[in-house]
Amino acid sequence: MRFWLRNEAMALEEMVRRLNAVSKHTDEIMHQDITPLCAADIQDQLKKRFAYLSGGRGQDGSPVITFPDYPAFSDVPDREFQNVMTYLTSIPSLQDAGVGFILVIDRRQDKWTSVKASVLRIAASFPANLQLVLVLRPTGFFQRTLSDLAFKFNRDDFKMKVPVIMLSSVPELHSYIDKSQLTEDLGGTLDYCHTRWLCHRTAIEGFALMVKQTAQMLQAFGTELAETELPNDVQSTSSVLCAHTEKKDKAKEDMRLALDKGQSILETIREPLAKSGEHSLNQDQLDNQSTVQRLLAQLQETEAAFDAFWAKHQQKLQQCLQLRHFEQDFREVKASLDALAQKIAAFTDVGNSLAHAEHLLKDLASFEEKSGAAVERARTLAGEGGRLIDSKHYAVDSIRPKCLELQHLCDQFAAEVGRRRGLLSKSLELHGLLEASLKWCDEGVYLLASQPVDKCQSQEGAEAALQEIEKFLETGAENKIQELDRIYQDYESILTADLMEHVQKVFQKQEGMEEMFHRRQASLKKLAAKQMRPVQPVAPRPEALSKSPCPSPGGRRASENTFEGGVLRRGPYRRAKSEMSESRQGRGSSTGDEEENLAVLRRHVMNELLDTERVYVEELLCVLEGYAAELDSPLMAHLVSPGLQTKKDVLFGNMEEIYHFHNRIFLRELENYIDCPELVGRCFLERMAEFQIYERYCQNKPRSESLWRQCSDCPFFQECQRKLDHKLSLDSYLLKPVQRITKYQLLLKEMLKYSKSCEGAEDLQEALGSILGILKAVNDSMHLIAVTGYDGNLSDLGKLLMQGSFSVWTDHKRGHAKVKDLARFKPMQRHLFLHEKAVLFCKKREENGEGYEKAPSYSYKQSLNMAAVGITENVKGDGRKFEIWYNAREEVYIVQAPTPEVKAAWVSEIRKVLTGQLQACREASQHRVLEQSQSLPLPAPPSSSPSKGSTSNIRKLEGRKTDPLSLEGRVSAAPTPRPPDEGRGWSKTSQPSEAPEDDGWSSAEELVNSSDAEEEGRVGPRKLAPGKYTVVLGEEKESPEALAVRSGDVVEVVQEGDEGLWYVRNLTSSKESWVPASSLSALLCTSSSAQCLSSSESSAGSALLSASSSCSESCGAPLSDLQG
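Heads up: these notes are all about the structure in this document. (Residues numbered from 1 in each chain as written. Predicted model: local features only at pLDDT ≥ 70, side-chain atom pairs only at ≥ 80, totals over all residues. Heavy atoms only, no water.)

**Description of the overall build of the chain**
In plain terms, the rule: Secondary structure follows DSSP: runs of H or I at least 4 residues long count as helices, runs of E at least 2 residues long count as strands, and numbering of each begins at the N terminus. Only protein chains enter the area calculation, which uses a 1.4 Å probe; residues under 20% of their type maximum are buried, those over 50% are exposed, and those in between are partly exposed. In what follows, a contact means two residues having at least one pair of non-hydrogen atoms within 4.5 Å. What sets the accessible areas is the Shrake-Rupley method with a 1.4 Å probe; for residues, cover comes only from the shown protein chains.
Helix and strand content of the chain: 32 helices and 26 strands. Classification of the 1124 residues of the chain by burial places 47% in the buried group. For the chain, contacts bridging at least 24 residues in sequence account for 75% of all contacts bridging at least 6. For the chain, the accessible area works out to roughly 55,200 Å², and carbon and sulfur atoms hold 51% of it.

**Re the environment of leucine 466**
Here leucine 466 is to be found in helix H15 (residues 459-474). Classification of leucine 466 by relative accessible area gives buried; the value is 11%. Along the backbone, leucine 466 and alanine 528 are 62 residues apart, and their C-alpha atoms lie at a distance of 8.7 Å. In this structure leucine 466 touches Gln521, Leu524 and Lys525, once residues within four positions along its chain are discounted.

**Thoughts on the side chain of glutamate 514**
On the secondary structure map, glutamate 514 appears in helix H18 (residues 497-529). Setting aside anything within four residues of it in sequence, one finds glutamate 514 in contact with Trp440 and Lys480.

**Here we look at the packing of aromatic side chains**
Here is the rule: Centres within 6.5 Å make a pair out of two Phe, Tyr or Trp rings, where for Trp the six-membered ring is used; the pair is then stacked when the planes are under 30 degrees apart, edge-to-face when over 60, and tilted otherwise.
Overall, the coordinates contain 27 aromatic pairs when judged by the stated rule. Considering the side-chain rings of phenylalanine 50 and phenylalanine 81, the 6.1 Å spacing of their centres and the 25 degrees angle between planes classify their relative orientation as stacked. With a gap of 31 residues between them, phenylalanine 50 in the loop between helix H2 (43-47) and strand E1 (52-57) and phenylalanine 81 in helix H3 (residues 78-90) connect regions that are remote in the sequence. Residue class for phenylalanine 50 comes out buried when judged on its relative accessible area of 1%. Ring plane angle 10 degrees and centroid distance 6.1 Å describe the contact between phenylalanine 684 and phenylalanine 691, whose orientation is recorded as stacked.

**As for the sheet that holds strand E3 (residues 101-106)**
To be explicit about the condition: By the convention used here, strands pair only if DSSP detects at least 2 bridges between them. Axes, fitted as lines to C-alpha atoms, cover a helix only where it is in contact. Angles between the N-to-C directions of the axes lie from 0 to 180 degrees.
Pairing in this open sheet of 5 strands is mixed, and the strands run E1-E2-E3-E4-E5 from one edge to the other. Where the open sheet ends on each side, the last strands, each with one partner, are E1 and strand E5 (164-167). The average undirected angle you get between the axes of adjacent strands in this sheet is 25 degrees.

**Re the pattern of salt bridges**
Pairing between side chains of opposite charge can happen when their charged atoms approach one another. Threshold: When a carboxyl oxygen of Asp or Glu lies within 4 Å of a side-chain nitrogen of Lys or Arg, that pair is called a salt bridge.
Taken as a whole, this structure holds 46 salt bridges when the rule is applied. Salt bridges sharing partners connect three or more residues here, namely Lys252, Glu303 and Asp307.

What follows is the structure, encoded as structure tokens:
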């Protein structure tokens, strides 16, 4: 760097020296150093032509200055005269001017007095040397005679340093100066045009000034370039280089224009020669030509000096830009290599199983392949640095250490990858030995368990079993661990505490299995050597089988429960279990042997659970890194279709959340149960809440499938699949979470089968139920999101409890007779969704599309508020039917389930909902009545009265809480008789007084369904209002807590309380009480004296206004509406 700066300073000094010389030579050429006067400055004075330099020369080469006949010569100011004389005498070369000037004064048309004055003025102010003064005196007789006499008598007045010769005629002049050196007005042949001469002089001097200014401008520009500080980044360096190049180009353009101007002036001077070959240039024209040529030479010298400097300056800037690019690439590459080094340093896991080690090796290979681009870029950059060094870059001291560092980082990374590969290869080798040993032990256990005891009682059977054992033990040389110390020594570099513990456990299991074989060998040898009579095998009695302490694990496994990565093959596994079962039936094996066999089976299930969990986590990571992350990569942006750019969340759903849960939490907790697989149910129960994330993933799956079908041909997916070396496309991996959540219940069932007598059996059973519940919730939610046409938020209806398809008949109180009859015989196919707060009736639509798009959609038809719903569990004539009725049987829906089991499940779930509502209503009512009794001056409702009847009534209700059918008249075992529809009046009840049937619910919408069409009919409700009413009612028995009224009684509705209760006073009997609004379900009538409630029966009788109604009256429903 210092060397370069020194070179650049030297280049600048050289350019400045050369340009200063150009300026100096230009001044010398133009005599600016002696007389700094230009034609442009005195152009107007020169145009007067009272004196001119024609270019003629005397015999000895003296320049001739002619003073033509100029009448106003005496009027020329001295300053102007002096300027013209000075300028004209500065034009000839110094050599010619040193000889002296010849002055030709033409005064032939003038007077003697003027001649005398002119000569004296010229002699007094001429600035240069004079050789000769020739005066053409006046031609008139008188003036000539006067001049002769005056010159003779006044000769002393004309004494000058040079002689003054008075000439009488032009021919006399020719004797002193040749005609070729005189202009035409003096009888000569010299071609002279004063205007042309003036233009040439002005152009030449302007060109000289341009040459000088160009040299000065380039000198300043070179200084500016040399003093420019080099930037530290690529962008600024590029900007400086571009700016300097633009200025250089402009300077070069100015020099080109100057050269063109000089050539143009030169051609103008030579123009007479071009017109006529016989023409020759006079001395002044030759001097002008020489001046222009010298100026052009100086301009070319200026350009050469600047070009030499610019070449070095440009080289410096280009090398600086190369250095900045190199430094920027170095920073990026070093950051990439540092990141790779951190990743490989964090790659410390050596695997805890054979499959895990294989996955780690694949991950390492994939990591090495992905990092290959960064390493290759680093090596390429180091090569570029070497080329810069070879090209004698000025920053060699900065480039060489960076190249060495890049080479060192690449070598270090390659060495670390090789070391990691060696460790993983050793881990793979060790886990292979351990897996082989475990497999050998398991096969040994199965061999021992499969040898029937009854056949071993004979000598031949014992010898055959002994040969089997000996043959099996011979295979141990290849499969079992021989020396534990040798294992520790050979695999010391990878033995972690956990892995060492695992090796010890495998070795202990191997020793235990060998000890079992030795004991069996000893027993069989005794049997083979002992001569005893044959034993007749006797089939065990059935009682012996029933007394077996542990259930048999020999049942056939479902086809979907086969192990995916287990060490046992399907055939021997089933055969072993079958033979074990037969052996236990034949000989009643000990509990210890059976427990050992079940423990082996549990371990196999646990291994499958862990192995498949690791594979699942790796596959999720592969999708997230190989597809999802690449969507955000700028390098892949050109492959992503426009419809996919902003829909990453749609395509992948919450897969990243699922991955983090399994990778960070669930897999690690599962590994804690590897030694006690029967307790793994606790792991599932502790994390059951987190499994809800699968519901969101499955709900998004239809949108993901749809987007995949639209964009599956996108080159982005094909490129990602190629990089990952996947045989299956992305959609197969997007299905993995759905497959995994269903796999858990199969593994839990299998584990539960072999753990029924273990400590964790209850946890396994609960975990299995919870997983099945999640699967059901996922399935239900998939149907729920397909509901269309519902005006509201489905989440406001509470949790979805059940969903399914049914045949539905309707039977409503109001509606057209034909429609009602039609509805009784033609069922509607409806899909029901049971929520905590409502039940939805939907129509299932046709299934279209493929995959998830083939899922049906559901058109919303109607909904029933669960606060006003009741059920009848059994419908006469069909065990699959039950009734859902609404508003005290205002609307009745007969529902037929596909099977009795489905019906039982729905009835049970609805009963739970109603029971929960009843309990909530009872607690709310008791709390409300207690508050009213403390704040209102009116008597308290009967539900909070301390009377005996009320207390016994509440106790009766609470005593029936355990019976799901006693839901305040909302659940019945058979259809309840409906009150007559003709007329209006107090509702009649068929239930006991403490649980009257709910008949007071109102609805703003009456729906009558016929087949697949629904007709809507609305009846405007009429509200109860305080006032007096006349009652006409049917006969009814009185209960202790009811307000008794008779036909014709006048009652006063005083005020409305909370939860739909009205305070009513019987004006006839002077009794008063709180009455539910459902009991005031008649239309208002007006009369001259009082309002009346029309009765459905005109006969006299009594009626009861009961404060103990269904829970619907106590739950804040719209109880003030009365149906017309």
